[in-house]
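# Geometric and topological summary
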Amino acid sequence: MNVPLYLLTFAYLICAAAGTGHVSVESQLLEKGISSGRRTCRLYCRVGIGFHLQIHPDGRVNGSHEPNQLSVLELFAVSQGVIGIKGVYSNRFLAMNKRGRLHATEWFSDDCKFRERFQENSYNTYASVIHRNHRTGREWFVALNKRGKAKMGSSPRVKSQHVSTHFLPRVSLHDNGERGFTITDRSKERRKSPLPPSANKSPLVTANVQAGAAPRRTQVKYWPKYRFG
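Described in the following lines is the structure provided in the data block.

### Focus on the overall build of the chain
- Looking only at helices and strands, the chain features 3 helices and 13 strands.
- Taken over 229 residues, the chain has a buried fraction of 32%.
- Restricting to contacts in the chain with at least 6 residues of sequence separation, those with at least 24 account for 56%.
- Surface accessibility of the chain: about 15400 Å² in total, with carbon and sulfur atoms responsible for 53%.

This is the structure:
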């Protein structure tokens, strides 16, 4: 039976309207014009001893040397070159207010839009889209100090050339720490000279010989060194 096209269109509109009862965070983001292109990672800043940017449920933003659940972030595209940063665990968005202070907010707004740029040293910088120095035109960047605290983007020291503004997206979320490998150095094996036949008569000496027959091997632990930038 051939069904008219307008009946199929009407039925589709009814089904679409029935599915709009539950409004999720993702649908709210789509209503704000956010396109696809989401990626889950950690943002590693190489300032000081190295920190991972983390977003707390209470709105605080800082850095942690050890990766944890608060440092798992979701980066999604808003427009060409502009992204938003959301904490997966805290369910809050990274934002910068008109004074240049970083904080986390529950609702996505223009304060949460950052311009992502790739630097020559393979690191990225994130500058606020709407907040900057209106007198000089200098951009305000996301930055951490050497103690892992969030820096004011309006600070004159926060520049794209400074290490505090350089972040490296790390895709691996299951970090089990540093992994090394062991190499056995056989050149330093201790070789035992054979004992005279008279020594084999003593059971104690025989036991000591059997226990020390296996050569001692020196194991050297090597830890990989990573250099960024």
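### So, the environment of Met 152
- One can find Met 152 in the loop between β10 (139–141) and β11 (167–170).
- Through-space distance from the C-alpha of Met 152 to that of Arg 99 is 7.8 Å; in sequence the pair is 53 residues apart.

### Quick notes on the nonpolar core
- Leu 43, Leu 53, Ile 85, Leu 94 and Tyr 126 are the most contacted members of the largest nonpolar core, which totals 22 residues.
- Contributions of two or more residues to this core are made by β1 (39–45), β2 (51–55), β4 (73–79), β5 (82–87), β6 (93–96) and β7 (102–105).
- If near-sequence neighbours (up to four positions away) are discounted, Leu 53 is found in contact with Leu 43, Val 61, Asn 62, Leu 70, Ser 71, Leu 73, Leu 94, Val 142, Leu 144 and Phe 167.

### A few points about the pairing of β4
- A large share of β4 lies buried, amounting to 6 of its 7 residues.
- In this sheet, β4 lies alongside β1 in antiparallel orientation, the contact comprising 3 bridges. Among the inter-strand pairings, Cys 41 is bridged to a residue of β4, identified as Leu 73.
- Sheet analysis places β4 next to β5, joined by 6 bridges and oriented antiparallel.

### What about unusual backbone geometry?
- Non-glycine residue Asn 91 carries a positive phi angle of around 60°.
- With respect to the helices, strands and loops of the structure, Asn 91 is situated in the loop between β5 and β6.

### Let's talk about the pattern of salt bridges
- Using the criterion set out here, one finds 6 salt bridges in the structure.
- Arg 117 serves as the salt-bridge partner of Glu 139, at 2.8 Å between the closest nitrogen and oxygen. Highlighted residues: Glu 139 in strand β10 and Arg 117 in strand β8 (residues 114–118), separated in sequence by 22 residues.
- Salt bridges sharing partners connect three or more residues here, namely Arg 117, Arg 132 and Glu 139.

### Comments concerning the side chain of Asn 62
- Assignment of secondary structure puts Asn 62 in strand β3 (residues 61–64).
- Side-chain polar atoms of Asn 62 contact the side chain of Gln 54, separated by 2.8 Å.
- In this structure the side chain of Asn 62 is engaged in a polar contact, spanning 2.9 Å, whose partner is the side chain of His 56.
- Apart from residues no more than four positions distant in its own chain, Asn 62 is found in contact with His 52, Leu 53, Gln 54, His 56, Leu 144, Gly 148 and Ala 150.

### Some details on the packing of aromatic side chains
- Under the definition given, this model contains 4 aromatic pairs.
- On the basis of an interplanar angle of 75° and a centroid distance of 5.5 Å, the ring pair of Phe 93 and Phe 108 is categorised as edge-to-face. Here Phe 93, found in strand β6, pairs with Phe 108, found in the loop between β7 and β8; they are 15 residues apart in sequence, far enough to count as distant.
- In this structure Phe 93 comes out as buried when scored by relative accessible area, which is 3%.
- The aromatic ring of Tyr 123 is capped on one face by Arg 46, whose charged end is 5.0 Å from the ring centroid.

### Quick notes on the side chain of Ser 71
- Relative to the helices and strands, Ser 71 resides in the loop between β3 and β4.
- For Ser 71, a relative accessible area of 0% puts it in the buried group.
- Polar contacts involving the side chain of Ser 71 include one to the side chain of Arg 42, which spans 2.7 Å.
- If near-sequence neighbours (up to four positions away) are discounted, Ser 71 is found in contact with Cys 41, Arg 42, His 52, Leu 53 and Gln 54.

### Points about the environment of Arg 42
- If you trace the backbone, Arg 42 turns up in strand β1.
- Assessed through its relative accessible area of 6%, Arg 42 is described here as buried.
- Polar side-chain contacts of Arg 42 include one of 3.0 Å to the backbone oxygen of Asn 68.

### Quick notes on the environment of Lys 149
- Mapped onto the elements, Lys 149 comes out in the loop between β10 and β11.
- Taking the relative accessible area as the measure of exposure, Lys 149 reaches 52% and is therefore exposed.
- The contacts of Lys 149, once residues within four sequence positions are left out, are Ala 143 and Leu 144.

What counts, and at which threshold
- Residues numbered from 1 in each chain as written.
- Predicted model: local features only at pLDDT ≥ 70, side-chain atom pairs only at ≥ 80, totals over all residues.
- Heavy atoms only, no water.
- Helix = DSSP H or I, 4+ residues; strand = E, 2+ residues; numbered from the N terminus.
- Buried < 20%, exposed > 50% of the residue type's maximum accessible area, 1.4 Å probe, protein only.
- Contact = heavy atoms within 4.5 Å.
- Areas by Shrake-Rupley, 256 points an atom, 1.4 Å probe, with all protein chains shown as cover.
- Core = buried A, V, L, I, M, F, W, Y, C linked by side-chain atoms within 4.5 Å.
- Pairing = 2+ DSSP bridges.
- Salt bridge = Lys/Arg side-chain N within 4 Å of Asp/Glu carboxyl O.
- Polar contact = N/O pair within 3.5 Å; in protein donor to acceptor, adjacent residues only side chain to side chain.
- Phe/Tyr/Trp six-rings, centres within 6.5 Å; stacked < 30°, edge-to-face > 60°.
- Lys NZ or Arg CZ within 6 Å of the ring centre and 35° of its normal.

Function-wise, these values are silent; they only describe arrangement.
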